[in-house]
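Here is how the chains run, residue by residue.
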Amino acid sequence: SSVGTVVKNTTIANMPLINRRAAQLVRLSGFVVQRGDGSTFQIAGGRSDNAMWTLDGGSTQNILLGVASLNFDPPIEALEEMNVEVANYKAEMGRSGGGFIQMTTKSGANEFHGALYEYLRNDALDSRQFFAQDKQTLRRNQFGWAFGGPIRKDRTFFFASQEFTRQITANPRI
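Residues numbered from 1 in each chain as written. Predicted model: local features only at pLDDT ≥ 70, side-chain atom pairs only at ≥ 80, totals over all residues. Heavy atoms only, no water.

Caption draft 1: Representation of the sheet that holds strand E9 (residues 100–105) in the model. Taken in spatial order, the 5 strands line up as E1-E8-E9-E4-E5 in an open sheet, and their pairing is mixed. Looking at strand neighbours, the two that pair on one side only are strand E1 (3–8) and strand E5 (58–59), the edges of this open sheet. Pairing geometry for strand E4 (residues 52–55) and E9, over 4 bridges, is parallel. Across the sheet, residue Trp-53 finds its bridge partner in E9, namely Ile-101. (Pairing = 2+ DSSP bridges. Helix = DSSP H or I, 4+ residues; strand = E, 2+ residues; numbered from the N terminus.)

In structure tokens, the structure reads:
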């Protein structure tokens, strides 16, 4: 018996994520509290930044520096599902004082499939900050592609994804 949450691909693709990164999906579990920015979470009362992150079974953490933080945060277009284990997880999911997060990437199939995408945020859709005289400049373009398919039918498949971000911001000083 374990306590956990599985987030499937349909949910991943339709979530309104600010920077379109997988680490934000951890907050869908009821036992997770975000501490600071990025992938710093406190899971089920454990210490912050002390969860084990894996991608397709391999560790995605910077273990050489002894820091248990997420080192590689894949784009959500490359994820098939994400599993957040909170408590009572199996022994092979050890090495964690917090939770255990498993990310699984998409794989190819017998038919070719892919996506081209761009997400745009800019100051034309924003309001000014309370203490600022003018709206701050924001130009954020996040774009990429994902493509998969067969190499040999019913035997060998491939999937590849790449993403780019261009961002220009200005913050008001008081």
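There is more to say, and it comes next.
Caption draft 2: Expanded view of the pairing of strand E12 (residues 156–169). In the sheet, strand E11 (residues 138–152) pairs with E12 via 14 bridges, with the strands oriented antiparallel. The residue of E12 that forms the bridge with Gln-142 is Thr-165. Adjacent in sequence and paired antiparallel, E11 and E12 are bridged by 3 residues, among which Asp-154 carries a positive phi angle near 65°.

Caption draft 3: Expanded view of the layout of surface pockets. What the second largest pocket holds in volume is close to 170 Å³. Lining the second largest pocket are 13 residues, and of these Asn-9, Ala-13, Glu-77, Lys-106 and Ala-115 lie nearest its centre. Elements that contribute at least two residues to the lining of the second largest pocket include exactly helix H1 (9–14) and strand E10 (113–122). For the lining of the second largest pocket, the leading source of residues is E10, giving 4 residues. Taken together, the residues that form the lining of the second largest pocket break down as 7 nonpolar, 3 polar and 3 charged. (1 Å grid on protein atoms, 1.4 Å probe; cavity = no way out; pocket = protein on both sides within 12 Å on 5 of 7 lines; lining within 4 Å. Points joined across faces, edges and corners; volume = space filled by probe spheres on them. Nonpolar A, V, L, I, M, F, W, Y, C, P; charged D, E, K, R; others polar.)

Caption draft 4: A look at the sheet that holds E12. With antiparallel pairing, the 3 strands of this open sheet are ordered in space as E10-E11-E12. Since the sheet does not close on itself, it has two edges, and those belong to E10 and E12, each with one partner. Each strand of the sheet is rotated relative to its neighbour by a mean of 5°, with strand direction disregarded. (Axes fitted to C-alpha atoms, helices over the stretch in contact; angles between N-to-C directions.)

Caption draft 5: The side chain of Asp-123, seen in detail. Relative to the helices and strands, Asp-123 is located in the loop between E10 and E11. Exposure remark for Asp-123: the relative accessible area of 15% places this residue in the buried category. In contact with Asp-123, other than residues within four places in its own chain, are Lys-135, Gln-136, Thr-137, Leu-138 and Arg-139. (Buried < 20%, exposed > 50% of the residue type's maximum accessible area, 1.4 Å probe, protein only. Contact = heavy atoms within 4.5 Å.)

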